[in-house]
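Here is what each chain is made of, one letter per residue.
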Amino acid sequence: MKKILFICQKIGFKTEESTHCGVGIVADLTSNIVQKSIKHNFIPLCIDSQSELELSIQHHTPDIIIYSYHEGTTQWINDNSLRVKWPDIKHIMIHYDFYQKKIDDFKPVQDFHYLITDDVTATGNEYVFVVPRSIPTDKSYTNTVPNDPPIIGFQGFAFDHKGINNLVSAIQNEFDEATIRLHMPTSRFADPNGLKTAQCIKEINCIIHKPGIEVKIDTEFLSTEDIVEWLSHNDINCYFYDYLDKAGIATSPDYALSARKPIAITKSFQLRHLWDLEPSIIHSSTNTFTQIMNNGIEPLIPVYKQNAHKALIAAYENIVDSIT
């Protein structure tokens, strides 16, 4: 049995600063899933400095260290002095904004021996491992009776590229009566003062003109379990992201997958892993919210299987086996 440190930043309720970051959240989720392995000892560590990591290395004496990295939130990982100091430890970076050309061009450097990506549309190689998505839970959720009028949801940070205004407009165009539920917590890194969220809410209120369209918005940061529970009460959850060429796969829809409810998307590059499902979940004038809801979760069943927790654990176990 090998010993692996799984390093991610302190996030949410694990830090006094209540840092909310999508990259940190998914890394914390991944580490909690893979530590259930009975083949290898994965040790989750939420730390924010090189000094904390050094103490952890001395204490645990790991065979491998996996670093969850993002240039905007974990810059301290760029300092390679500890990796140079312990060359016998295999050092692996999880990179979330990778696309195929970057994977094809990657070569091991002095400090990072391998990369991991959860872009399930990518093809790996001897240095880059592709793993399943980290779905919060793969248990069967109880599907409630559809609401009338429908409840349509979105959860995520209120950034411009999320297309929230377009989503609200599309809902209002299709329905005379509906409830729009939006869960939009503030991002410490990209919207520390909540100005983007406030502006988004203002714009949404200007869009709505039909008296039968009700908008419910909350901005409180929720735990992973509470987010999935919140999503499970919607009839459909929607992600109308801009295209964003070469961007990494979005993490918010992973929560909606756990909720076991229909999902509607745009053909955003960040949602490319959901483009080819049948029946299609890409919203259009001919594939409406109503049609996607009527199709239920049938299109999503292959995605549930591909990203089951046992598949993610097996993928990480295989990585360990192949490099040690």
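Before reading further, recall that the structure is shown in the block above.
Since we're looking at a predicted model, the values are computed, not measured. (Residues numbered from 1 in each chain as written. Predicted model: local features only at pLDDT ≥ 70, side-chain atom pairs only at ≥ 80, totals over all residues. Heavy atoms only, no water.)

Enquirer: Looking at this structure, how should I read the sheet that holds strand E3 (residues 64–69)?
Expert: Either a parallel or an antiparallel arrangement is found when strands of a sheet pair, and the pairing is made through backbone hydrogen bonds. Across the sheet, which stays open at both edges, the six strands sit in the order E2-E1-E3-E4-E5-E6 with parallel pairing between neighbours. Single-partner strands in this sheet number two, and they are strand E2 (41–46) and strand E6 (128–130). The mean inter-strand angle of the sheet, taken between neighbouring strand axes irrespective of direction, is 25°. Contacts between helix H2 (residues 50–60) and the sheet are confined to strand E1 (3–8), E2 and E3, with E1 contributing the most and set at about 165° to the helix. Docked against the sheet, helix H11 (residues 309–323) engages E1, E2, E3, strand E4 (90–95), strand E5 (114–117) and E6, running at close to 145° with respect to E4. (Pairing = 2+ DSSP bridges. Helix = DSSP H or I, 4+ residues; strand = E, 2+ residues; numbered from the N terminus. Axes fitted to C-alpha atoms, helices over the stretch in contact; angles between N-to-C directions. Contact = heavy atoms within 4.5 Å.)

Enquirer: Help me understand helix H7 (residues 224–232) in this model?
Expert: An α-helical segment advances 3.6 residues per turn. Residues three or four places apart therefore align on the same side. Among the residues of H7, those classed as buried are Ile227, Val228, Trp230, Leu231 and Ser232. Those residues of H7 that are buried lie in contact with strand E7 (151–155), strand E8 (178–183), strand E9 (213–218), strand E10 (236–239) and helix H8 (252–258). (Buried < 20%, exposed > 50% of the residue type's maximum accessible area, 1.4 Å probe, protein only.)

Enquirer: Mind showing me how you'd approach the sheet that holds E8 here?
Expert: If you trace the five strands from one edge of the open sheet to the other, you get E9-E8-E7-E10-E11, paired in parallel fashion. The open sheet has two free edges, formed respectively by E9 and strand E11 (263–265), since each of these has just one partner strand. Averaged over all adjacent pairs, the angle separating strand axes in this sheet is 25°, with direction ignored. Two elements, E10 and E11, share three bridges in a ladder whose sense is parallel. Looking at E11, one finds that Cys238 is bridged to Ala264. Sheet contacts for helix H5 (residues 164–174): E7, E8, E9 and E10; angle to E8, the most-contacted strand, approximately 165°.

Enquirer: Would you mind showing me how to read the pattern of salt bridges here?
Expert: Here the idea is simple: oppositely charged side chains can pair when their charged atoms come close. Counted under the stated rule, the structure contains eight salt bridges. Note that Asp321 is salt-bridged to Lys39, the shortest N-O span being 2.5 Å. Taken together, the positions of Asp321 in helix H11 and Lys39 in the loop between helix H1 (22–34) and E2 put the pair 282 residues apart, joining distant regions of the chain. Residue class for Lys39 comes out partly exposed when judged on its relative accessible area of 40%. Its salt-bridge partner being Lys210, residue Asp176 comes within 2.9 Å of it at the nearest N-O pair. Remark: Lys210 occurs in the loop between helix H6 (195–207) and E9 and Asp176 occurs in the loop between H5 and E8; sequence separation between them is 34 residues. Here the salt bridges do not stand alone but share partners, grouping Asp118, Arg133 and Asp254 into one network. (Salt bridge = Lys/Arg side-chain N within 4 Å of Asp/Glu carboxyl O.)

Enquirer: Any chance you could explain the packing of H5 against H6 here in plain terms?
Expert: Interhelical geometry of H5 versus H6 gives an angle of 20° and a closest axis separation of 10 Å. Taken together, the axes of H5 and H6 are roughly parallel relative to one another. The hand of the H5/H6 crossing is right-handed. Residue-level contacts link Ile164, Asn165, Val168, Ser169 and Gln172 of H5 to Cys200, Glu203, Ile204 and Ile207 of H6. Counted by class, the contact of H5 with H6 contains five nonpolar, three polar and one charged residues. (Parallel < 35°, antiparallel > 145°, perpendicular 65-115°, else oblique. Left-handed = near helix turned anticlockwise from the far one by under 90°. Nonpolar A, V, L, I, M, F, W, Y, C, P; charged D, E, K, R; others polar.)

Enquirer: Looking at this structure, I do not really get the environment of Ile33. What am I missing?
Expert: Tracing the backbone shows Ile33 in helix H1. Taking the C-alpha atoms as reference, Ile33 lies 9.3 Å from Thr137; in sequence the two are 104 residues apart. Excluding anything up to four places from it in sequence, Ile33 contacts Ser134, Ile135, His309, Leu312 and Ile313.

Enquirer: Where do I start with H11 in this structure?
Expert: With 15 residues, H11 ought to run about 21 Å at 1.5 Å a step, and its terminal C-alpha atoms sit 22 Å apart, in line with that. Within H11 the residues assigned to the buried category are His309, Leu312, Ile313, Ala315, Tyr316, Glu317, Ile319, Val320 and Ile323. (Expected span 1.5 Å × (residues − 1).)

Enquirer: Looking at this structure, how should I read empty space enclosed by the protein?
Expert: A water-sized probe, rolled over the atoms, reveals where empty space remains. Applying the stated criterion to the full structure yields one cavity of 30 Å³ or more. Roughly 60 Å³ of volume is contained in the largest cavity. In terms of lining residues, the largest cavity is bounded by Val26, Thr30, Ile94, Tyr96, Asp118, Val131, Pro132, Arg133, Ser134, Leu312 and Tyr316. For the lining of the largest cavity, the elements supplying multiple residues, two or more each, are H1 and H11. For the lining of the largest cavity, the per-class residue count stands at seven nonpolar, two polar and two charged. (1 Å grid on protein atoms, 1.4 Å probe; cavity = no way out; pocket = protein on both sides within 12 Å on 5 of 7 lines; lining within 4 Å. Points joined across faces, edges and corners; volume = space filled by probe spheres on them.)

Read these as layout, nothing more, since geometry by itself doesn't imply function.
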